[in-house]
Amino acid sequence: MEIPKTYSPQSVEGHWYQAWLDRGFFRSRPNPAKEPYTITMPPPNVTGVLHMGHMLNNTIQDVLIRRARMQGKEALWVPGTDHASIATEAKVVAMLKEQGISKRDITREQFLEHAFAWKDKYGGIILEQLKKLGASCDWERTRFTMEPKLTEAVLKVFVDLYQKGHIYRGIRMVNWDPEGRTAIADDEVIAKEMPMKMFYLRYAVVDPKGDEAEYVTVATSRPETIMADVAVCFNPADDRYQWLRGRKLRIPLFDKEIPAIFDDYVAMDFGTGALKVTPAHDLNDYELGLRHGLPVVDVIHEDGTLTEAAGPYAGLDRFVVRKQIAKDLKAADLLDKIDDYQTSVSTSERTGAVIEPKLSLQWFLKMEPFKERALEAVMSDEVKLNPPKFKNMYRTWMENVRDWCISRQLWWGQRIPAYYLEDGRFVVAETDTQALVEARKLTGNPTLQMDQLRQDDDVLDTWFSSWLWPISVFDGFDDPENADIKYYYPTNDLVTAPEILFFWVARMIIAGQEWRGSVPFKNVYLTGIVRDAQGRKMSKSLGNSPDPLDLIAEFGADAVRTGMLFSSPAGNDLLYDQKLVEQGRNFNNKLWNAFRLLRGWEVAPDAPQSAAARLAGEWFGAKLNQAIAQLDADFAEYRLSDALMTVYKLTWDDFCSTYLELIKPPYGAPIDAATLAEASDFLETLLRVLHPFTPFLTEEIWHLLKPRADREYCCVAPWPTPAPTDAAFLTRFDRALDVVQAVRNQRAAKGLSPNLALPLVAKDGAALAGLEPVVQKLANVSTLTVGDAPAGAVPVVAGGTELALVLPEGSFDAEAERARLNKDIEYTRGFLGSVDKKLSNEKFVANAKPEILEAERKKQADALSKIAQLEAQLAAL
RNA sequence: GGGGUGUUAGCUCAGCUGGUUCAGAGCACCUGCCUUACAAGCAGGGGGUCACUGGUUCGAACCCAGUACGCCCCACCA
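Note that the structure is a prediction, hence the values are computed from the model and not measured. (Residues numbered from 1 in each chain as written. Chains lettered and ligands numbered in written order. Predicted model: local features only at pLDDT ≥ 70, side-chain atom pairs only at ≥ 80, totals over all residues. Heavy atoms only, no water.)

Using the criterion set out here, one finds 44 aromatic pairs in the structure. Look at phenylalanine 25 and tyrosine 713: their rings are 5.1 Å apart centre to centre, the planes differ by 65°, and that puts the pair in the edge-to-face class. With phenylalanine 25 in the loop between α1 (13-23) and β1 (36-40) and tyrosine 713 in the loop between α22 (695-705) and α23 (727-750), this pair connects stretches of sequence that are 688 residues apart. Tyrosine 713 gets classed as buried once you look at its relative accessible area, which sits at 8%. Here tryptophan 118 and tyrosine 122 contribute two aromatic rings whose centre-to-centre distance is 4.6 Å and whose plane-to-plane angle is 50°, an arrangement assigned as tilted. Of this pair, tryptophan 118 and tyrosine 122 both sit in helix α4 (residues 108-122), separated by 4 residues, roughly a single helical turn. Its relative accessible area of 15% is what places tryptophan 118 among the buried residues. Here tyrosine 122 falls in the partly exposed class, since its relative accessible area comes to 29%. (Phe/Tyr/Trp six-rings, centres within 6.5 Å; stacked < 30°, edge-to-face > 60°. Helix = DSSP H or I, 4+ residues; strand = E, 2+ residues; numbered from the N terminus. Buried < 20%, exposed > 50% of the residue type's maximum accessible area, 1.4 Å probe, protein only.)

One number sums up the size of the largest pocket: a volume of about 2,100 Å³. Along the walls of the largest pocket sit 47 residues, with Asn45, His51, His54, Glu349 and Glu499 positioned nearest its centre. Broken down by secondary-structure element, the contributors of at least two residues to the lining of the largest pocket are α2 (52-70), α3 (85-98), α5 (125-133), α12 (463-466), β22 (491-496) and α15 (501-515). Partitioning the lining of the largest pocket into residue classes produces 23 nonpolar, 16 polar and 8 charged. (1 Å grid on protein atoms, 1.4 Å probe; cavity = no way out; pocket = protein on both sides within 12 Å on 5 of 7 lines; lining within 4 Å. Points joined across faces, edges and corners; volume = space filled by probe spheres on them. Nonpolar A, V, L, I, M, F, W, Y, C, P; charged D, E, K, R; others polar.)

As a packed pair, helix α17 (residues 557-565) and helix α18 (residues 578-600) sit with axes 7 Å apart at the nearest point and diverge in direction by 125°. With respect to α18, the axis of α17 lies oblique. Note on packing geometry: the crossing formed by α17 with α18 is right-handed. For the pair formed by α17 and α18, the contact residues are Asp558, Ala559, Val560, Thr562 and Gly563 on the first element and Leu580, Val581, Gly584, Arg585 and Asn588 on the second. (Axes fitted to C-alpha atoms, helices over the stretch in contact; angles between N-to-C directions. Parallel < 35°, antiparallel > 145°, perpendicular 65-115°, else oblique. Left-handed = near helix turned anticlockwise from the far one by under 90°. Contact = heavy atoms within 4.5 Å.)

Spatial ordering of the open sheet is given by β29-β28-β31-β30, a layout of 4 strands whose pairing is mixed. One side of each edge strand has no neighbouring strand; the edge strands of this open sheet are β29 (781-786) and β30 (793-798). This sheet shows a mean twist of 25° between the axes of neighbouring strands, independent of strand direction. In this sheet, strand β31 (residues 801-806) lies alongside β30 in antiparallel orientation, the contact comprising 6 bridges. From the neighbouring strand, valine 796 faces β31, where its bridge partner is leucine 803. Set on the sheet, helix α24 (residues 772-779) makes contact with β28 (758-762) and β29; between it and β29 the angle comes to about 145°. (Pairing = 2+ DSSP bridges.)

Moving on: the environment of alanine 868. If you trace the backbone, alanine 868 turns up in helix α27 (residues 850-876). Sequence separation between alanine 868 and isoleucine 825 is 43 residues; the distance between their C-alpha atoms is 9.0 Å.

All right, on to the protein's contact with RNA strand B then. Neighbouring RNA strand B are 54 residues, the closest being Asn284, Ser567, Asn593, Arg596 and Tyr667. Among atoms of RNA strand B positioned within 4 Å of the protein, sugar and phosphate together represent 59%. Here threonine 343 contributes a side-chain N or O atom positioned 3.0 Å from a phosphate oxygen of RNA strand B. Within the side chain of asparagine 589, a nitrogen or oxygen atom sits 3.4 Å from a sugar or linking oxygen of RNA strand B. Contributions of two or more residues to the surface near RNA strand B are made by β8 (215-220), β13 (335-348), α10 (390-399), α18, α20 (640-663), α23, α26 (842-847) and α27. Among the elements that make up the surface near RNA strand B, the one with the highest residue count is α18 (9 residues). Residues belonging to the surface near RNA strand B are distributed by class as follows: 22 nonpolar, 18 polar and 14 charged. (Near = heavy atom within 4 Å. Polar contact = N/O pair within 3.5 Å; in protein donor to acceptor, adjacent residues only side chain to side chain.)

The subject of this paragraph is the sheet that holds strand β18 (residues 418-420). Strand order in the open sheet made by the 3 strands is β19-β18-β20, with antiparallel pairing throughout. Two strands close off the open sheet at either side, each with one partner strand: β19 (426-428) and β20 (454-455). When β18 meets β20, the two strands line up antiparallel, connected through 2 bridges. When the sheet's bridge partners are listed, tyrosine 420 is paired in β20 with arginine 454. The strands that helix α11 (residues 432-443) touches are β18, β19 and β20; relative to β19, the one it contacts most, it runs at about 135°.

Shown next, in the form of structure tokens:
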């Protein structure tokens, strides 16, 4: 059967993926005889589609899990999706809007119906896409953060925390997202530098006396909130404003009188030193208001429009009002000036809307009870962050963590299990029935009915379910002693983006400690962000993000996987370039062709093994062992790019360029059986170490190669263990390869065909002893003899060996050779000079370590002898 | 504003305790090759004052200080 010249992934990937599934290779069940190795996938948004970030993240996880599986561990990768409360709700709202339905016009139940329909339609697409990448998850264990069991866990945890006194409800200044119409947590706020305007407004002084100024100029970036002002504040030490003590000012346009107050908070050197105080719409002002006993005037609705309190501006959006009010102020001559200035504006991580600080009634989780333990876990490396530079970030965050606002004014999510009585009191319980029991207890009224209880309308923050993920996927809340959780928890590695180190990783650590008494994972591998070749973030609007599925279709999953991994050290951003994927494809093709070469050879059963082939086998076996040891070291430090490069070079340079060239029989000649068997074994081992990176290709070749009967699938073949290597032999072999390269160099320089066999004469046979066949074969040397250089031969010095290459008649140019040798001599003398200088430095000789000193002396001796050699060659010409 | 981190070849990055794995790898580039596994290839080759300045040391890409530029995280100056 003819094997095609190029590997075509499209025709094999689907087949092997199905075969793996059919065989249940990705399934895992607790097995006490084996060591567990577990990864829980960071659940992508249920309605999301695969992007390059997922590709990187999941490729890394698959490499880790596949290697663990081959190492004989009970490897489990749990997949799943996240309900992504605000993001999904926003999508559903948008979809309804297209259909002409407004969320406000439908009931919660109707909305949820639409939402579930949406989720059923688009949910899980992303998991199907991951299969194309080769992700070896146990799909039977796929979980969803809002499925009934996981919701139960969330409610249980809420009640538990409430009973422990860690959850409270209160009016606080929260970050309000007017687009999502919900509160969001501090971490979900992103500060963005934006050009802003600073307005200088005139606040008239009430009853100015004689020579007093008639107004005070106040700088603000938010003129739309002036009607909510309750005071103007000055620094108590500010001499410019002392006369205003006990006085009142008038809000421009509104003529409302407000007091002048004094507080250290105000900076004298910023703006005009006068601050308008708006407690309802600014956190600092709120605190200022508390200190001075000021009222709170709320003028902004949940959707960002102004309330009735705004008078003529009621009903308009805050940004519209900003412009309008500026115009009106100007018209009324109440505006001194407008300056441009740059400041950071808070925006919502999910919707991008500008955040309004807003007072509202929300649920909070205290962080104080958890922070110390969670900090300790990372600082002591109980949870190891990779790269470790993130430890500092984690520490800063944990030390300054504030209470977590866990309620969201949304419908898509887990509804807060708090039930209110008509008198405002409430009970917290996992179920309606339980709530009723509690409520009856609370009120002492045994006839209280369900319809007299009203459940809280809010849902919980998405992270309030995802922080339980490593436990809840094993039903560890439902049944804390079940076999799965006891076996798989704590998990081994978590692979995720640094952006959610606080949102998610830190909180999972807290949850693990709180409910399992131990951290949820041992290692956290933090990936970088995937950017384009110019370093820009991938984004839809830039159109610089390729569709991962198109890439897989064009180049194959293996090529994409290796392309992602070629240059992505942990914590570093990955500058994606299609060239990397092409490099991956080329590499796959190289391996494919190596297999084709082996497959194409005729076997001569009785032929003896050539000396070159025997040496090649001895050498490659050692290289292989060396590489496996290196790989294990790379993996131990999560240096996946380095690990890939190790196998890449092993395959391409060592196996293909050197080993296969050495064992290759003359054209048309058969190969001896022993060599072919050994070569097949080597290839088989190569496939095994490559499999985590390129699972499809290796599985394909594996089956074409038909290895041992007990190793039917590469996917579950054992990961090789390294044997000790003969370092001295490898060093000698390297020297022989240096000679080969030097000879080839001479050929290239002289324009001689590599097919023309030339005689080579070595001055001293010792250095190459035993390796002559290697040099002969690779350098295409006709005869390799020991003796003095014959006339007309080109001197070649390589690997400490002095040789001469006999050129064909007429191609020897004595003048050029002299020039070359002179240049070499000059360089070596310069080198010798620097060594001499060092050795004549008394302080160096006195202080340097003995082995360093010895090395320098050897350098000196070597240089001297090399110069002598070169001079002798020069004389001989 | 505070903290962290980085700057090594055209690009992306290694370089562990200062000294023979000290100046490396992959890609790109240049020169030859359509050689019967592979042109998605083969052979050979050329690229770097290790950001800058000073210091410590017999010796610095590596340690220290400062400067410049970059990135990241945190932060309530209207």
